[in-house]
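Structure assessment
Okay, here's what each chain looks like letter by letter:
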Amino acid sequence: MASSAANLRTLSLNKNLSSLSISSNNKLSASPFSLTVRPARRNGRFVVLAVSLDAKPTVLVAEKLGEAGLKLLKEFANVDCSYNLTPEELCTKISLCDAIIVRSGTKVNREVFESSGGRLKVVGRAGVGIDNVDLSAATEHGCLVVNAPTANTVAAAEHGIALLAAMARNVAQADASVKAGKWQRNKYVGVSLVGKTLAVMGFGKVGSEVARRAKGLGMRVIAHDPYAPADRAHAIGVELVSFDVAIGTADFISLHMPLTPATSKVLNDETFAKMKKGVRIVNVARGGVIDEEALVRALDAGIVAQAALDVFTEEPPAQDSKLVQHERVTVTPHLGASTVEAQEGVAIEIAEAVVGALKGELAATAVNAPMVPAEVLSELKPYVMLAEKLGRLAVQLVAGGSGVKTVKVTYGSARAPDDLDTRLLRAMITKGLIEPISSVFVNLVNADFTAKQRGLRIAEERIVLDGSPESPLDFIQVQIANVESKFASAISDGGEIKVEGRVKDGVPHLTKVGSFEVDVSMEGSLILCRQVDQPGMIGKVGSILGQENVNVSFMSVGRIAPRKQAVMAIGVDEQPKAETLKKIGDIPAIEEFVFLKL
């Protein structure tokens, strides 16, 4: 202990033991740290909070995660594995975390986001369902929520089929009977699956996999899902039908819908009454989609012959639960994703999603941000950069006054109108517009919410161009109406501030300011000058910047006609001093100029 004590820089303890802080100054340690011990708010227990002082973010793993996932996390971040935290302990600890990973047992509610003080940027749900995360609060606080929607798909589907078959053949009840010393062959006569109608309620990843397997068992499969594309269902021989048709014609019903206000207790006394007498129900989705008391009544009345349940409204359910103890109900303790392969797969998938989000990469599994497939994200990446920089540039041209209220974004593309999802681009333009003039951090998650809060209306327009649709976009144009500009040449003939850009060789370029054509890489910062078009102007400005040790990365001149007005766009790596900019403005032929940070 002596050697450890020698490495302590500070140790402070107040007389009321409201907190204790320790800081490490160990020169041999690769990760100096500060340590805070703070009492939880209500139960009097003390919570130890460690904060690394290095550049790594901190990820709180609040529920058990596979070793493969933890290994990935530890390569990028400081990982704090703290399981079974009380709500008070979680709220105390969260202010020191950049991300949190949970399963289904931890509630990440509004209080957690408020307690984070804005530091929490990513919530990772190791699994599919996100009903234990307050998405509205996450969005308002600019926190990205990602899940792991694919790794446990097969495991959940297989468990659904296992319950389906076990229920039909009374496997659990017969097993218990034999182990009790009985031999009741006549009591446990089952029903066949072949030729029966299975209604899959929720035709997402798991639902569609259950449908595939049920088809292999010789069942007729119908499905209900208001968002499922009919062609995907037809491709595997499944007919999409209405909710009432599905529950009214099915011999078996398998639930695969998320728990939302619309689906909460969707199976209730009223819907049970519409079902075919003797229907059998499987639920490996969420317990809350079934009114459990109504299900007991339906079982007792013979409307529902059997049920097989992996999930419950409250987990674990009460030991004296009438539903759990019902003779014709088969139950398992939320085992849908519980295979060795699925657990490792989920751990890796969620670790990769959280690390990617912390790096600022676009998340294909984001739940509260535009859902864009990975291949589309890759293709749009340079245009995402262009969109943000155009928004950032346009708002810096505004002189003030009434503020920015109306923005029009125009996309030029040779692709069909339904082949370009612009939500991601709109979010990044919003980020560029808002961040330079406010203290708000805007990201893909809260962009639309933040714009609405500030009364910012963004209208989008598509111009369909002739040519090859190989690239998703030819240009993006941003116009701000009803404002004055600090650079008058940025005002278009229609009276709006107008900037336009393209992607060239993967790099965003500014190609139009107002009515002037330019061509300058949007890297570093930018100086715009309006001048009289005459020989030597590029040299004069370049000389001033060179003398002040400001590196020029790009320069372009757009003009109306020779010897008339022109706009010079100069990309610079550093921000010039005020004196340097004044020297540029003092050149007689320069009529106006502006410096812009990109």
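Reading guide: rules and limits
Every chain is numbered independently, its residues counted from 1 as its sequence is written. The model is predicted, so local features are restricted to residues of pLDDT at least 70 and side-chain atom pairs to those at 80 or more, both for listing and for counting; the totals for chains, interfaces and linings are taken over all residues. As a rule here, side-chain values come from all non-hydrogen atoms in the structure, and water together with hydrogens is ignored. Numbering of helices and strands runs from the N terminus, with a helix taken as a DSSP run of H or I at least four residues long and a strand as a DSSP run of E at least two residues long. Contacts are assigned to residue pairs with any non-hydrogen atoms lying within 4.5 Å of each other. Surface accessibility in these figures is a Shrake-Rupley result with a 1.4 Å probe; residues are shielded only by whichever protein chains are displayed. Working rule for helices: expected span equals 1.5 Å times residues minus one. Partly exposed describes any residue whose relative accessible area lies between the buried limit of under 20% and the exposed limit of over 50%, with all areas from a 1.4 Å probe on protein chains only and scaled to the type maximum. The pLDDT score gives, residue by residue, the confidence of the prediction method on a 0 to 100 scale. If DSSP finds at least two bridges between two strands, the strands pair. Axis definition: a line fit to C-alpha positions, over the contact stretch in the case of helices; interaxial angles, taken between N-to-C directions, run 0 to 180 degrees. With the strands aimed away from the viewer, a crossover counts as right-handed if its path from the first strand over the helix to the second runs clockwise. When describing relative orientation, an angle under 35 degrees is termed roughly parallel and one over 145 degrees roughly antiparallel, while 65 to 115 degrees is termed roughly perpendicular and anything else oblique. When the near helix sits turned anticlockwise from the far one by under a right angle, the crossing is termed left-handed; a clockwise turn instead gives a right-handed crossing. Each reported salt bridge corresponds to a side-chain nitrogen of Lys or Arg within 4 Å of a carboxyl oxygen of Asp or Glu. Any residue that is not Ala, Val, Leu, Ile, Met, Phe, Trp, Tyr, Cys, Pro, Asp, Glu, Lys or Arg is counted as polar, Gly included; the first ten are nonpolar and the last four charged.

Along its length, the protein chain carries 19 helices and 26 strands. In the protein chain, once contacts between residues fewer than 6 apart in sequence are set aside, the share between residues at least 24 apart is 63%. As displayed, the protein chain has an accessible area near 28,200 Å², and 52% of this comes from carbon and sulfur atoms.

Glancing now at helix α16 (residues 423-434). In a regular helix each residue adds 1.5 Å, so 12 residues correspond to 16 Å; α16 covers 17 Å between its end C-alpha atoms and thus fits that length. Counting buried residues in α16 gives 11 out of 12 residues, a clear majority hidden from the surface. For α16, every residue scored as buried is listed here: L424, L425, R426, A427, M428, I429, T430, K431, G432, L433 and I434.

Our next topic: the confidence of the model for the protein chain. Close inspection of predicted coordinates is inappropriate for parts of the model with low pLDDT. Here the protein chain averages 85 in pLDDT, while 88% of its residues score no lower than 70. Per-residue pLDDT stays below 50 along residues 1-53; that stretch engages in 89 contacts with residues further than four places along the chain or on separate chains.

Turning next to the sheet that holds strand β6 (residues 78-81). Hydrogen bonds between backbone groups are what pair the strands of a sheet, and the pairing can be parallel or antiparallel. One open sheet accounts for five strands, arranged β6-β5-β7-β8-β9; its pairing is parallel. Bordering the open sheet on either side are β6 and β9 (144-147), each of which pairs with just one other strand. Neighbour-to-neighbour, the strand axes of this sheet turn through a mean angle of 20°, independent of strand direction. Pairing of strand β7 (residues 99-102) with strand β8 (residues 122-125), which is carried by four bridges, proceeds in the parallel orientation. Residue pairing for β8: I101 is matched across the bridge by G124. Along the sheet face, helix α2 (residues 67-76) touches β5 (58-61), β6 and β7 and points at about 140° away from the line of β6. Its contacts with the sheet place helix α14 (residues 340-358) against β5, β7, β8 and β9, and it is angled at close to 170° to β8.

Okay, the environment of K583 next. As for its position among the elements, K583 is in helix α19 (residues 578-585). It is 8.8 Å that separates the C-alpha atoms of K583 and V541, two residues lying 42 residues apart in sequence. For K583, the residues in contact, after removing those within four places along its chain, are I544 and E548.

Let us now look at the pairing of strand β11 (residues 220-224). With four of five residues buried, β11 lies mostly within the body of the structure. Handedness of the crossover joining strand β10 (residues 197-201) and β11 through helix α8 (residues 205-216): right-handed.

Between E315 and the following residue, P316, the backbone shows a cis peptide bond with an omega angle of -5°. Structurally, the position occupied by P316 is in the loop between β15 (304-309) and α13 (322-325). Even without a glycine there, the phi angle at N170 is positive, about 55°. Its location among the elements puts N170 in the loop between α6 (153-168) and α7 (171-179). The backbone of K265 shows a phi angle near 50°, a positive value even though the residue is not glycine. Tracing the sequence through the fold places K265 in the loop between β13 (252-255) and α11 (269-273). Taking relative accessible area as the criterion, K265 reaches 44% and is therefore assigned partly exposed.

Let us now look at the packing of α6 against α8. With their axes 8 Å apart at the nearest point, α6 and α8 run at an angle of 50° to one another. In terms of axis orientation, α6 runs oblique to α8. By crossing handedness, the relation of α6 to α8 is classed as right-handed. Across the interface between the two elements, T153, V154, A156, A157, E158 and I161 of α6 pack against K205, V206, E209, V210, R213 and A214 of α8.

Strand order in the open sheet made by the six strands is β18-β17-β19-β20-β21-β22, with mixed pairing throughout. Unpaired on one side and paired on the other, β18 (457-464) and β22 (516-521) mark the two borders of the sheet. Geometrically, the sheet is characterised by an average inter-axis angle of 20° between neighbouring strands, direction not taken into account. Inspection of the sheet shows strand β17 (residues 406-413) paired to strand β19 (residues 475-481) by seven bridges, in the antiparallel sense. Bridge pairing in β19 links T410 to Q477. The strands touched by α16 are β17, β18 and β19; relative to β17, the strand with the most contacts, the crossing angle is about 140°.

Here we come to the pairing of strand β14 (residues 279-283). Judged by how many residues are buried, β14 sits mostly within the fold: five of five residues are covered. Covered by surrounding structure in β14 are V279, I281 and N283 together with R280 and V282, the residues of both alternating faces. In this structure, β13 lies alongside β14, joined through four bridges in parallel fashion. The residue bridging I253 from the neighbouring strand is I281, located in β14.

Attention shifts here to the pattern of salt bridges. Counting across every chain of the model gives 27 salt bridges. In this structure, the salt-bridge partner of R297 is D269, at a minimum N-O distance of 2.7 Å. You can see R297 sitting in helix α12 (residues 292-301) and its partner D269 sitting in helix α11, a full 28 residues away along the chain. In this structure R297 comes out as partly exposed when scored by relative accessible area, which is 41%. You can call D269 partly exposed: its relative accessible area is 41%.

The subject of this paragraph is the packing of α2 against α14. Where α2 contacts α14, the axes come no closer than 7 Å and their chain directions differ by 20°. In terms of their interaxial angle, α2 and α14 are classed as roughly parallel. In terms of crossing hand, the pair formed by α2 and α14 is right-handed. For the pair α2 and α14, contact is made by E67, A68, G69, L72, L73 and F76 and by E344, A347, I348, A351, E352, V354, V355 and L358, respectively. Here the contact of α2 with α14 is composed, by residue class, of 10 nonpolar, one polar and three charged.

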